[in-house]
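The chain contents come next:
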Amino acid sequence: MRKAISIAAVILMLVLISGAWFVWQRNGAYGLNVLLRRGGSYWIDVAADDVRLSPAMRLALQPAIPAVAAGQSAWKDVEPGFEVSEIPVVAGSQEVDRLYLNRFDPAKFRFVARNQPNGARNIDQWEAALSSEGPGGTVLIVNGSYFGLKGEADTPLVSMGERLGPRDYDAKAGAWVANASGTHVVDLAGRDWRQVLDGAENAMVSYPLLVAEDGRDTVRAKSNWLANRTFIAEDRQGRIIVGSTRDAFFSLDRLAAFLLSAGLDIKTALNLDGGPIAGLSVRSRSYRLKHCARWEAQVTDGKVSLLQAARDVPWGMPVVLTVERR
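(A) Representation of the overall build of the protein. Scanning the protein from N- to C-terminus turns up 5 helices and 22 strands. For the protein, the share of sequence-separated contacts (at least 6 apart) that also reach a separation of at least 24 residues comes to 70%. On the protein, roughly 15,000 Å² of surface is accessible, and the fraction owed to carbon and sulfur atoms is 53%.

As structure tokens, then:
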């Protein structure tokens, strides 16, 4: 009996080692952190009215999606050059989602792209690593663009002067770029992204472009892919808006349309990565907000797939955008 138990223990150990080796080969330290922190992630099939979906998602999955409008909101001064607002997303008299908005004067704030490929930092650990106090303090942390299987930047990225991400990339959507001329959200249509990023101190290519320079909603594909959303936008006064949704009511096409109708005077807007990694932290002198996202669902041929994790903990954020005082 004791011998059988020992053999079983050895077999189990070999299985665990083999599994860890496979994850390491495929996903590196990022994959191991995913397993250790949240037990991995997976998709499950659910009905459109399944209670495991948020109420906002169930509403957006109805055969007739209700029209929404921006509820009452106002900008609040937090510190010089930094304002915040929350816009209710209203269907009829019901609030179905909410946008958390942060508006910055780029002359007073610096935008930084960061990549921590091992995925060891969730929103709490990014907060611990980046002080919010004094000059140079980090007042905002949000997920950035997309990342690969090993947590590396999956789109071209410049972090404090260092070029990261793929060198060969077909970028036709947009980028945010911080260089000597300021910080801008750039429509890459007809532009070479290499030239746009050349000389940048910090920059990040992402997709899709939600609002083009001519004021058009550029997301043509209608979709029922629902997720917590984040975006970065430039308004017509040159201010930069970083936004995040509380829930997952929006597909990308409907988010683009909502931004144009919300009275934000947006010149360009660029989608960032979304879903459960869409964490947001705002830490200023008189204002605090922390939002840990959790929702993402794909709909294909009427079948709804919901992204899940074994443990309900904040997801690691390999690519982030931070905003710091100058």
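Read on for the rest.
(B) Up close: the pattern of salt bridges. With the rule as written, the count across this model stands at 21 salt bridges. In this structure, Arg194 and Asp168 form a salt bridge, with 3.9 Å as the shortest nitrogen-oxygen distance. With Arg194 in helix α4 (residues 193-197) and Asp168 in the loop between β9 (162-164) and β10 (174-179), this pair connects stretches of sequence that are 26 residues apart. Overall, Asp168 belongs to the exposed group, its relative accessible area being 69%. Two residues, Arg239 and Asp235, come together in a salt bridge whose shortest N-O distance is 2.8 Å. You'll find Arg239 and Asp235 in the same group, each marked buried. A single network of salt bridges, built from pairs that share partners, joins Glu86, Glu95, Arg98 and Arg246.

(C) Spotlight on the confidence of the model for the protein. For the protein, mean pLDDT is 90; residues scoring 70 or higher make up 90% of the total. This model gives residues 21-25 a pLDDT under 50, and the stretch forms 8 contacts once residues within four places in sequence are excluded.

(D) Just the sheet that holds strand β20 (residues 296-300), in detail. With antiparallel pairing, 4 strands are arranged side by side in an open sheet as β1-β21-β20-β14. Strands at the two margins of the open sheet, each flanked by one partner only, are β1 (41-46) and β14 (226-227). Summarising the sheet, β20 and strand β21 (residues 303-309) pair through 4 bridges and their orientation is antiparallel. Within β21, the position partnered with Gln298 by the bridge is Ser305.

(E) Structural view of the nonpolar core. With 39 residues, the main nonpolar core has Phe104, Leu140, Trp176 and Ile232 as its most contacted residues. Contacts of Trp176, omitting those with residues within four sequence positions, involve Phe111, Val112, Ala113, His184, Val185, Asn202, Ala203, Met204, Ile232, Leu270 and Leu321. In terms of nonpolar packing, the next biggest core, distinct from the first, is built from 36 residues, Val46, Ala56, Leu101 and Phe231 among them.

(F) How the structure looks around the environment of Ala178. Among the secondary structure elements, Ala178 is positioned in strand β10. C-alpha separation for the pair Ala178 and Met204, spaced 26 residues apart in sequence, amounts to 9.2 Å.

(G) Representation of the pairing of strand β6 (residues 109-115). Judged by how many residues are buried, β6 sits mostly within the fold: 6 of 7 residues are covered. Pairing geometry for β6 and strand β22 (residues 319-325), over 7 bridges, is antiparallel. Bridging across to β22, Phe109 finds its partner in Arg325.

(H) Representation of the side chain of Arg114 within the structure. Secondary-structure assignment places Arg114 in strand β6. What makes Arg114 buried here is its relative accessible area of 15%. Side-chain polar atoms of Arg114 contact the side chain of Glu324, separated by 2.4 Å. Look past the residues within four positions of Arg114 in its chain and what remains in contact with it is Trp126, Leu130, Ser159, Met160, Pro318, Val319, Val320, Thr322 and Glu324.

(I) Region of interest: the environment of Arg121. Within the fold, Arg121 resides in the loop between β6 and α3 (123-129). Setting aside anything within four residues of it in sequence, one finds Arg121 in contact with Gln116, Trp126, Ala129, Gly316 and Met317.

(J) Seen up close, the packing of aromatic side chains. Applying the stated criterion to the full structure yields 8 aromatic pairs. A ring pair is formed by Phe250 and Phe258, whose centres lie 5.3 Å apart and whose planes are at 50 degrees; its orientation type is tilted. The pair Phe250 / Phe258 is uniform in exposure class, with both members buried. In this structure an aromatic cluster arises from ring pairing among Phe82, Phe104, Phe109, Phe111 and Trp176. Here the basic side chain of Arg294 rests over the ring of Trp295, its NZ or CZ set 4.3 Å away from the ring centre.

(K) Broad picture of the sheet that holds strand β18 (residues 280-283). Read from one edge to the other, the open sheet built from 5 strands follows the order β6-β22-β7-β18-β19, with strand pairing classed as antiparallel. Edge positions in the sheet fall to β6 and β19 (288-291), since each has one partner strand and no second. Within the sheet, the average angular offset between the axes of one strand and its neighbour, ignoring direction, is 15 degrees. Pairing analysis gives 5 bridges linking strand β7 (residues 138-143) to β22, with the strands arranged antiparallel. Across the sheet, residue Asn143 finds its bridge partner in β22, namely Val320.

The rules behind the values
- Residues numbered from 1 in each chain as written.
- Predicted model: local features only at pLDDT ≥ 70, side-chain atom pairs only at ≥ 80, totals over all residues.
- Heavy atoms only, no water.
- Helix = DSSP H or I, 4+ residues; strand = E, 2+ residues; numbered from the N terminus.
- Contact = heavy atoms within 4.5 Å.
- Areas by Shrake-Rupley, 256 points an atom, 1.4 Å probe, with all protein chains shown as cover.
- Salt bridge = Lys/Arg side-chain N within 4 Å of Asp/Glu carboxyl O.
- Buried < 20%, exposed > 50% of the residue type's maximum accessible area, 1.4 Å probe, protein only.
- pLDDT = per-residue confidence, 0-100.
- Pairing = 2+ DSSP bridges.
- Core = buried A, V, L, I, M, F, W, Y, C linked by side-chain atoms within 4.5 Å.
- Polar contact = N/O pair within 3.5 Å; in protein donor to acceptor, adjacent residues only side chain to side chain.
- Phe/Tyr/Trp six-rings, centres within 6.5 Å; stacked < 30°, edge-to-face > 60°.
- Lys NZ or Arg CZ within 6 Å of the ring centre and 35° of its normal.
- Axes fitted to C-alpha atoms, helices over the stretch in contact; angles between N-to-C directions.

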